[in-house]
Amino acid sequence: MNDFPAVRDDVRSDVPDIRPSAVVEEQPPLPQQLVELHGWGRAAGSMSHLASIDSVAGAVSALRQGSGRGVTPRGLGRSYGDAAQNAGGTTLDLTHLNKILAVDVAAEPATVTVQAGVSLDTLMKALLPFGLWVPVLPGTRQVTIGGAIAADVHGKNHHTQGSFGNHVRSLDLLTADGAVRTLDRPGGGSWEGLDDDGRLFWATIGGMGLTGAIVEAVVELQRVETAYFTVDTDRCSDIDDLMARMSEGDEDYNYSVAWFDAVTRGKHMGRAVLTRGDKAKLSQLEPKQRRDPLKFVAPSFGTIPEVFPNRMVNKLTAKAFSEFWYRKAPQHRVGELQNITQFFHPLDIVAEWNRVYGPNGFLQYQFAVPFDAPETFKRCFEMIVTSGHLSCLNVLKRFGPGNLSPLSFPMPGWTLTVDLPIEAGLDKLCDALDEEVVGAGGRVYLAKDSRLTAGRFRQMYPRLDDFLSVRNRVDPQHLFSSDLARRLEL
Amino acid sequence: MINATGNPGSLLLLGGTSDIALAIARRYAGRGGLRVVLAARPGERRTAAAAELTGLGCRVQEVDLDARDHASHAATVEAAFSEGDIDVAVVAFGLLGDAEQAWQDAEHALELAEVNYTAPVHLGVLLAERLKAQAHGVIVALSSVAGERVRRSNFVYGSTKAGFDGFYLGLGEALRGTGVRVLVVRPGFVKSKMTEGLDAAPLAATPEEVAEATVDAVAAKKELIWVPVPMRFVMSGLRHVPRPLFRRLPV
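Note that residues are indexed from 1 along each chain, following the sequence as it is written. Both sets of labels track the order of writing: A upward for chains, 1 upward for ligands. Restriction of local features to residues with pLDDT of at least 70 applies here, the model being predicted, together with a cutoff of 80 or more for giving and counting side-chain atom pairs; totals for whole chains, interfaces and linings are based on all residues.

Q: Tell me about the overall build of chain A, and name the residues and values.
A: Note on conventions: DSSP H or I runs of at least 4 residues are helices, E runs of at least 2 residues are strands, and numbering of each starts at the N terminus. Summing up its helical and strand segments, chain A has 14 helices and 19 strands in all. The atom set for the radius of gyration is the C-alpha atoms, and the globule formula is 2.2 Å times the number of residues raised to the power 0.38. Relative to the globule expectation of 23 Å for 490 residues, the C-alpha radius of gyration of chain A, 22 Å, shows essentially globular dimensions. Considered along the principal axes of its C-alpha atoms, chain A spans approximately 65 × 55 × 50 Å. The 490 residues of chain A split such that 53% are buried. Any pair of residues counts as being in contact when their C-beta atoms, constructed from backbone geometry, are within 7 Å of one another. Of the contacts made within chain A by residues no fewer than 6 positions apart, 76% connect residues no fewer than 24 positions apart. Comment: burial labels come from other C-beta atoms within 10 Å of the residue's own C-beta, placed from the backbone, where a count of 20 or more is buried, 12 or fewer is exposed, and between is partly exposed.

Okay, here's the thing in structure tokens:
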């Protein structure tokens, strides 16, 4: 076992004092350049003034110098759509607010105090030596803390741990008035019972940067003995088989997710590979791994070059990939030890993998429908498979309960994600899927979205008015805005 | 902003009762929730167009546009942007006029020049200013092959379209790097109310065909298209025909 330092341990000491204060002093104007920014899907970019922020005071200055088209915070640009871009306005690049301020190892649970621009990659590397673990990890480590909170990201353990916001103890929010507010997670389980700050806390979680810019947060952590996972893998012959197995067995695992084949039709439609696992204990490691149980294994095979044409993902490549991915999985394997990259972030071994889709880009369609609508779920799945639009990276998962955030995506039910290259007719498929999803009381994930209409959005998020009442109180002029906000008429 | 799948959330039609403009609106209206600003002269035709688009699920705002009243243009553009960003703006108004009258009647010639060239230039500058500020948007300029090589048979109209075409191609160049794009559409003969009573020329298109090609070209981020596509090659040939031969051609 690791010896945890008994006292609060500052990982970084060269940290400027950015303790929250009522109003931060302004700094001289920042150089701003008009640049094209786009989401990870690269499909709907726009031009905005990019202000690189390395202090809270700098962010305040940028707020004050607005161009009249508002300000949006941006981290590592991993949201797929138009959430972190602001055509004609200002985009705050917060990735230079990247200090880990404090780690409290002794507390239970342990916590870390971080600036918003710290990536999960950096954070995990810093925390693992202490035997500490970020409780919620999305499909890439290349997201910032601010982004993880603003999108209320989820991971393979949503059914047991909820989304990222559930683990935020407090956050510092720079609001439109130029003040930094420290918001503690309120007690109490109902929105009606929350005070103004409590509501602002939960509206900021999943709030897509529209309540203000998160500049710092205190995140609760888990403990791990090793940086490995014991993984059980099962091939499932079709979608019914997959859903049945997940329904029965997911509760036995902390982490569960399935990849499915979205290309093959007929008898094998919906064949899938289900992987479920838990953190490995020290005693479960191989002798060699035990020598350095908390080693962070994150190989990098370089960066995908900008050479791919459109239609790289075509019938031929998609079929070949899907066949390969299915066949390479064992029929049934128990207790395999996998490292972080293998288990969580296989795509992180190459940088800029989104270039594979070519210059037209792609979109990710992720929706969730309640457990009582499995037929809708299957129908949506069939619509995708039979549409002729091809997706290779397909994820299916069961969500656990959601949280108090009015715009948080996860809800108890099934969620499905597909990556679709931009091609003619894709809008019709997505619009038809929206209709099904709305009909079943489901929703799509704003962090992935780049094409939903304002009307559909309102139908999908029935608590939108809760969000708007908070936003209109703290930012009546809508200084914080974005392309996503304008598209969804927020 | 135009979304990832190429669909705008808002559409401005300058010349909101033009057959082609309305055909474009109908195509975009399909998915519901489209906001349309109809800029046209007030009257029955605009009212009918608004009613039709409302029926298709659009939210329609009617704005007055008088092409020949230059002083009113700024207010027209102001009103068009009053309810938010414009994602696609279609410059669709125009006047075919009477070809033989136009070159012999100064008033009629002036009318064609003002409606087909002066007003589009004036409004184009105002429009570009707005779109530049929002740093996104597409201007669709409905030009004509008549301007590509001006013919004796309708040279007043053709000359206005030549100027119009040149202006919007140039505007597209000037707007590079601002996030705003210009698409110039050069249809051949279009069977619309503008050409009612005329004999259809070869390679004639319907407003719906022009609209379909336009919508696809906006999504594909094109800058210049011909409708139908073969018209491009026909015009490419005609441009190089020597004058003595050209004047004998039945075009």
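Q: Which residues make up the UniProt feature "domain: FAD-binding PCMH-type" (unreviewed entry) in chain A, and what values go with them?
A: Sites flagged by UniProt as "domain: FAD-binding PCMH-type" (unreviewed entry) map to residues 39-224 of chain A. A distance of 33 Å separates the end C-alpha atoms of residues 39-224 of chain A, which is 19% helix and 26% strand. UniProt positions are given in the numbering used here, feature names are shortened, and annotations may be inferred rather than shown by experiment.

Q: Give me the lowdown on the packing of helix 10 (residues 374-386) of chain A against helix 11 (residues 426-439) of chain A, citing residues and values where you can.
A: Residues and elements named next belong to chain A. Each axis is a line fitted through C-alpha atoms, taken for helices only over the stretch in contact, and angles between the N-to-C directions span 0 to 180 degrees. Viewed as axis vectors pointing N to C, helix 10 and helix 11 meet at an angle of 175°, and their least axial separation amounts to 10 Å. Accordingly, the angle class assigned to the pair helix 10 and helix 11 is roughly antiparallel. Judged by residue contacts, Thr376, Arg379, Cys380 and Met383 of helix 10 engage Leu429, Ala432, Leu433, Glu436, Val437 and Gly439 from helix 11. A breakdown of the residues in the contact of helix 10 with helix 11 according to their chemical character gives six nonpolar, two polar and two charged. Here roughly perpendicular refers to angles of 65 to 115 degrees, roughly parallel to angles under 35, roughly antiparallel to angles over 145, and oblique to all remaining angles. For this scheme, ten residues count as nonpolar: Ala, Val, Leu, Ile, Met, Phe, Trp, Tyr, Cys and Pro. Four count as charged, namely Asp, Glu, Lys and Arg, and the remainder, Gly too, count as polar.

Q: With reference to specific residues and values, describe the interface of chain B and chain A.
A: Listed by partner, the interface residues are 18 residues for chain B and 25 residues for chain A. The residue inventory of the side of chain B that touches chain A, partitioned by class, reads four nonpolar, 12 polar and two charged.

Q: How would you explain the nonpolar core if you had to name every residue and give the values?
A: Residues and elements named next belong to chain B. Core analysis: the biggest nonpolar cluster contains 216 residues, and Leu13, Leu14, Val90 and Val140 have the highest contact counts within it. A total of eight residues in this core trace back to one element, the largest contributor, which is helix 1 (residues 19-29). If near-sequence neighbours (up to four positions away) are discounted, valine 90 is found in contact with Leu12, Leu13, Leu14, Ala21, Ile24, Val140 and Leu142. By our criterion, buried Ala, Val, Leu, Ile, Met, Phe, Trp, Tyr and Cys residues that link up through C-beta atoms within 7 Å make up a nonpolar core.

Q: Explain the pairing of strand 10 (residues 213-220) of chain A residue by residue, including any values.
A: Within a regular strand, the side chains alternate between the two sheet faces. All names here are of chain A. Counting buried positions over the eight residues of strand 10 gives seven, a clear majority of the element. If DSSP finds at least two bridges between two strands, the strands pair. Summarising the sheet, strand 6 (residues 111-115) and strand 10 pair through five bridges and their orientation is antiparallel. In the strand pairing of strand 10, valine 114 is matched with alanine 217. Inspection of the sheet shows strand 8 (residues 168-174) paired to strand 10 by six bridges, in the antiparallel sense. Bridge pairing in strand 10 places aspartate 172 opposite glutamate 216.

Q: Mind laying out helix 2 (residues 120-127) of chain A, listing which residues take part and the relevant values?
A: Each α-helix winds once per 3.6 residues, and so residues spaced three or four apart point in a common direction. All buried positions along helix 2 of chain A are accounted for by Leu120, Leu123, Met124 and Leu127 of chain A. Along helix 2 of chain A, the residues classed as buried sweep out an arc of 100° about the axis, all on the same side. By arc we mean the arc of the directions from the helix axis to the C-beta atoms, nothing more.

Q: Describe in detail helix 5 (residues 106-134) of chain B, supporting the description with residues and values.
A: Residue and element names in this part refer to chain B. Under the 1.5 Å per step criterion, the end-to-end length of helix 5 is 40 Å for 29 residues, consistent within 8% with the ideal 42 Å. Across the chain, bend at a residue is computed as the angle between axes fitted to the seven residues ending at that point and the seven starting from it. In the structure, helix 5 departs most strongly from a straight axis at glutamate 114, where the bend amounts to approximately 40°. For helix 5, the set of buried residues is Leu112, Asn116, Tyr117, Ala119, Pro120, Leu123, Gly124, Leu127, Ala128, Leu131 and Gln134. At the C-terminal side of helix 5, alanine 135 shows a positive phi close to 60°. What a helix is expected to span follows from its residue count: subtract one and scale by 1.5 Å.

Q: Before we move on, could you go through the sheet that holds strand 18 (residues 413-421) of chain A and cite the residues and values that matter?
A: All names here are of chain A. Reading across from one edge, 15-12-14-13-17-18-16-19 is the order of the eight strands in this open sheet, with antiparallel pairing throughout. Two strands bound the open sheet, and with one partner strand each, they are strand 15 (332-339) and strand 19 (443-444). Across nine bridges, strand 16 (residues 362-370) lies against strand 18 in antiparallel orientation. Bridging from a neighbouring strand, glutamine 364 pairs with aspartate 419 of strand 18.

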